[in-house]
Structure formats: structure tokens, C-alpha cells
Amino acid sequence: MDLNTEVGRTDPVGYMERTRRYYRALGYNNDYKWSHYVDVPFTPLKKPLAESKVVIVTTSSPPGGPKDGNRKLKEVWSGPTTNTPADLHTEYLAWDKETTHMRDRESYLPVQALHALAAEGRIGGLTERFHGVPTTYSQKQTLEQEAPHIVRLCQEDQADVAVLVPI
Amino acid sequence: MSLVARAIEEAGIPTVIIGSGKDIVEHCGVPRLVFTDFPLGNPAGPPYDRTSQAAIAAQAIDLLETATEPRTTVNSPVLWPEGEGWRHVYNYIGPENRDALRAEGEERRARQQRDRQGLAAAEAD
């Protein structure tokens, strides 16, 4: 379904093709195969948004890097949505390090923005925790371990809806 | 992350992704996507731009209400504040860096091989 009406936009960057070409230029012969499905699940809202608790899911890792002794960079983790750490670990992820920076946590983890929507009454609130599922580039691991783990955490938190923000 | 969205949705919790890698997310197939046409790294809005970040979060919440079927994508109207130059930067390949990329790849493969041999030696100990 296309809910867009505007015309004349620049075409989005084709990251799959660009990444394929980049890795070929590095001398790798086997192209990465991105996940692809014909069927897509869909669950309608069960209650009004004003009564719904929102959970945020990020691909960032906990604060601190390997130099700080943080060895759990690529494991599922959770953090608080009040007094949220200002700086999460994102350095090893694939983002445009030449163009931008990630010093503003709200640019990839919209905690304040969603708290503001709760204050306006648009949503019921945020769950006490957000959850992190750092990118591992193993679809098998994501499907068999990380995704079910995140589902359990969302259910424990009694989240009604989820906002996922991949970096 | 698209795989995680699908799993959460299958478990009965409606999901919305806010993302800048439109082709990757749509190739996987997800219920709802707010596409923010920014360089990779700041999907929820340009750094320190609280007004744009609020608009993007609100659009994601709205989409949970307005979408009636899976694979629903809406484009955020927010534009990257520093023009369009970023579109060619990420993973750029050109005549001037081809040799350097090839050398970097070779170095990377050598390092990976050393790591594997080191791991095998450690396991054998």
C-alpha cells in the first residue's frame, strides 16, 4: 500500500546494489543475500494508541566499547527509558561515518520524542525498558535466537506496539 | 532488524520501523515503514534537530493507526539539512580508490585467515 502522494523526490539510495559492488571491489566473490519474504505478517492495533504502551527496539549496543571492557557488544540487551544513557555504542555498525555522527542519541533512539507524545496523550507511554538487538549479519542467529528473545522481552514488558529503529 | 519486526508482529504486537535503508527493509518485507531519506546513522532525525525528530516519531505512531495492510511505507517529508551530497559518499567506489579498496580487501582477508589460524591453534592447545 502506498500512502505517499508527493512527487519529484530523489530516488532513495540502493544500498543492496551499492554494498554488493563495494564488496566486489574489495575482492569478495560471494554476494551477501539479504532476507527476502513474499508473505508479511500484519497485526491490527488492539486498543487505542492513547492507551498503548510503546516499546523501542534499537540495533545499537550498550554504552562503552571494547576499550572500556564491554565484551557484550553483540548480544541482546535492555536499557532504561528514563535516565537513558546519552551515548550508546554504535561504532562497529555500518553507517555513514564520513557524512554524519551519532553523538545525539535522539537521532537513533527517539526516547524523548516518544515521551513527549505520551505527555500529549497521543500514546499511553513507553515501557520501562528499551531493547537492543545489535546487528550480527547472521540471519540464522537472528531468526532462531535474537528475534524470539526480543519477542519475549516485549511480552514481559506488556508492550502493545513496537517502534524499531535500525541504524 | 526487519526480521525482528516480523517476529514481533507475528507474536501479535503491531510494529513500525523508522529506517533509512528503504530497499533493504522493503526487500525483506515488513508490516510498516517510515522511510527517512538520510545518510545511514540518524534514522530518527538529523542530530539535535528536535523538531524534525518529533515529527518523525509522530509519523511512526500515526502509521500504526493508518496502515491497513502489510508492506505499508510512508516517506518522511523531513529533508537532510546539508543537501544531497551525502548520497554518493557511503561505500563509494571510483577510479581513484579502486586500487586502495582491493588492497584493503586483501589485508582484511589475510587478517581473517590469521584470526582463524589463531583460533584453531588456541582450540588445539
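Residues numbered from 1 in each chain as written. Chains lettered and ligands numbered in written order. Predicted model: local features only at pLDDT ≥ 70, side-chain atom pairs only at ≥ 80, totals over all residues. Heavy atoms only, no water.

Undergrad: For unusual backbone geometry, give the residues involved together with the corresponding values.
TA: The phi dihedral of Asn83 of chain A falls on the positive side, at around 50°, and the residue is not glycine. Topologically, Asn83 of chain A is positioned in the loop between strand S2 (77–80) and helix H2 (111–119). Assessed through its relative accessible area of 78%, Asn83 of chain A is described here as exposed. In the Ramachandran plot, Asn91 of chain B falls in the positive-phi region, its phi being about 50° despite a non-glycine side chain. The topology assignment puts Asn91 of chain B in the loop between strand S3 (72–75) and helix H4 (98–124). Asn91 of chain B gets classed as buried once you look at its relative accessible area, which sits at 15%. (Helix = DSSP H or I, 4+ residues; strand = E, 2+ residues; numbered from the N terminus. Buried < 20%, exposed > 50% of the residue type's maximum accessible area, 1.4 Å probe, protein only.)

Undergrad: I'd like a rundown of the interface of chain B and chain A, residues and numbers included.
TA: With 82 residues of chain B at the contact, the number on the chain A side is 79 residues. Taking both sides of the interface into account, the surface hidden between chain B and chain A amounts to around 7200 Å²; carbon and sulfur atoms contribute 62%. The largest share of the area that chain B buries against chain A comes from Met1, Leu3 and Tyr90 of chain B, three residues that together contribute 10% of it. Taken together, the links from chain B to chain A amount to 3 salt bridges. Our count for the contact surface shared by chain B and chain A stands at 30 residue pairs in polar contact (both at pLDDT 80 or more). Mapped by element, the contributors of at least two residues to the side of chain B that touches chain A are helix H1 (2–10), strand S1 (15–19), helix H2 (22–28), strand S2 (32–35), helix H3 (50–66), S3 and H4 of chain B. At 11 residues, the largest contribution of residues to the side of chain B that touches chain A is made by H3 of chain B. The class makeup of the residues in the side of chain B that touches chain A is 42 nonpolar, 21 polar and 19 charged. (Contact = heavy atoms within 4.5 Å. Buried area = accessible area lost by both parts, 1.4 Å probe. Salt bridge = Lys/Arg side-chain N within 4 Å of Asp/Glu carboxyl O. Polar contact = N/O pair within 3.5 Å; in protein donor to acceptor, adjacent residues only side chain to side chain. Nonpolar A, V, L, I, M, F, W, Y, C, P; charged D, E, K, R; others polar.)

Undergrad: Tell me about the packing of aromatic side chains, and name the residues and values.
TA: The description of an aromatic ring pair rests on the distance of the ring centres and on the angle between the ring planes. Across all of its chains, the model carries 7 aromatic pairs over all chains by this definition. Geometrically, the ring pair formed by Tyr15 of chain A and Tyr90 of chain B is edge-to-face, given 5.7 Å between the ring centres and 75° between the ring planes. A residue pair is termed interchain when its members come from two chains, as with Tyr15 of chain A in helix H1 (residues 15–25) and Tyr90 of chain B in the loop between S3 and H4. With centroids separated by 5.9 Å and ring planes inclined at 75°, the aromatic side chains of Tyr22 of chain A and Tyr23 of chain A adopt a geometry described as edge-to-face. Residue Tyr22 of chain A is classed as buried on the basis of its relative accessible area of 13%. Judged by relative accessible area, Tyr23 of chain A falls into the partly exposed class, the value being 33%. Put simply, the rings of Tyr22, Tyr23 and Tyr28 of chain A pair up and form one aromatic cluster. Of note, Arg6 of chain B hangs over the ring of Tyr37 of chain A, and the distance from its end group to the ring centre comes to 3.8 Å. Here Lys22 of chain B stacks its cationic end above the ring of Phe35 of chain B, 5.8 Å away from the centre of that ring. (Phe/Tyr/Trp six-rings, centres within 6.5 Å; stacked < 30°, edge-to-face > 60°. Lys NZ or Arg CZ within 6 Å of the ring centre and 35° of its normal.)

Undergrad: Provide a residue-level description of the nonpolar core, including the pertinent values.
TA: If you look at the biggest cluster of nonpolar residues, it comprises 41 residues, and the most contacted ones within it are Val54, Ile56, Leu109, Leu114 and Val163 of chain A together with Val16 and Ile61 of chain B. Within the residue set of this core, elements represented by two or more residues are strand S1 (53–58), H2 and strand S5 (161–165) of chain A together with S1 and H3 of chain B. When residues of this core are assigned to their parent elements, the largest contribution, 6 residues, is made by H3 of chain B. Leaving out residues up to four positions away in the same chain, Val54 of chain A has contacts with Leu114, Ile123, Gly125, Leu126, Thr127, Val161 and Val163 of chain A together with Ile61 of chain B. Ranked by size, the runner-up nonpolar core spans 23 residues in total, among them Leu164 of chain A together with Ile13, Val25 and Phe35 of chain B. (Core = buried A, V, L, I, M, F, W, Y, C linked by side-chain atoms within 4.5 Å.)

Undergrad: So, the pairing of S1 of chain B: which residues are in play, and what are the values?
TA: Looking along a regular strand, one sees side chains alternate from face to face of the sheet. S1 of chain B sits mainly inside the fold: 5 of its 5 residues count as buried. In this structure, S5 of chain A lies alongside S1 of chain B, joined through 3 bridges in parallel fashion. Within S1 of chain B, the residue paired with Ala162 of chain A across the bridge is Thr15 of chain B. Bridge count between S1 of chain B and S2 of chain B: 3 bridges; the pairing is parallel. Each residue of the ladder has a partner; that of Gly19 of chain B, found in S2 of chain B, is Phe35 of chain B. Traced from S1 of chain B through H2 of chain B to S2 of chain B, the parallel crossover comes out right-handed. (Pairing = 2+ DSSP bridges. Right-handed = clockwise from strand over helix to strand, strands pointing away.)

Undergrad: Account for the packing of helix H3 (residues 139–156) of chain A against H1 of chain B, with residues named and values stated.
TA: Helix-helix packing is characterised by the crossing angle of the two axes and by the distance between the axes. Following both chains from N to C, one finds H3 of chain A and H1 of chain B inclined at 45°, their axes separated by 9 Å at the closest point. Between H3 of chain A and H1 of chain B, the crossing angle belongs to the class labelled oblique. The crossing of H3 of chain A and H1 of chain B is right-handed. Within the contact between the two elements, H3 of chain A uses Gln139, Thr142, Leu143, Ala147, Ile150, Val151 and Cys154 of chain A and H1 of chain B uses Leu3, Val4, Ala7 and Ile8 of chain B. Tallied by class, residues from the contact of H3 of chain A with H1 of chain B come to 9 nonpolar, 2 polar and no charged. (Axes fitted to C-alpha atoms, helices over the stretch in contact; angles between N-to-C directions. Parallel < 35°, antiparallel > 145°, perpendicular 65-115°, else oblique. Left-handed = near helix turned anticlockwise from the far one by under 90°.)

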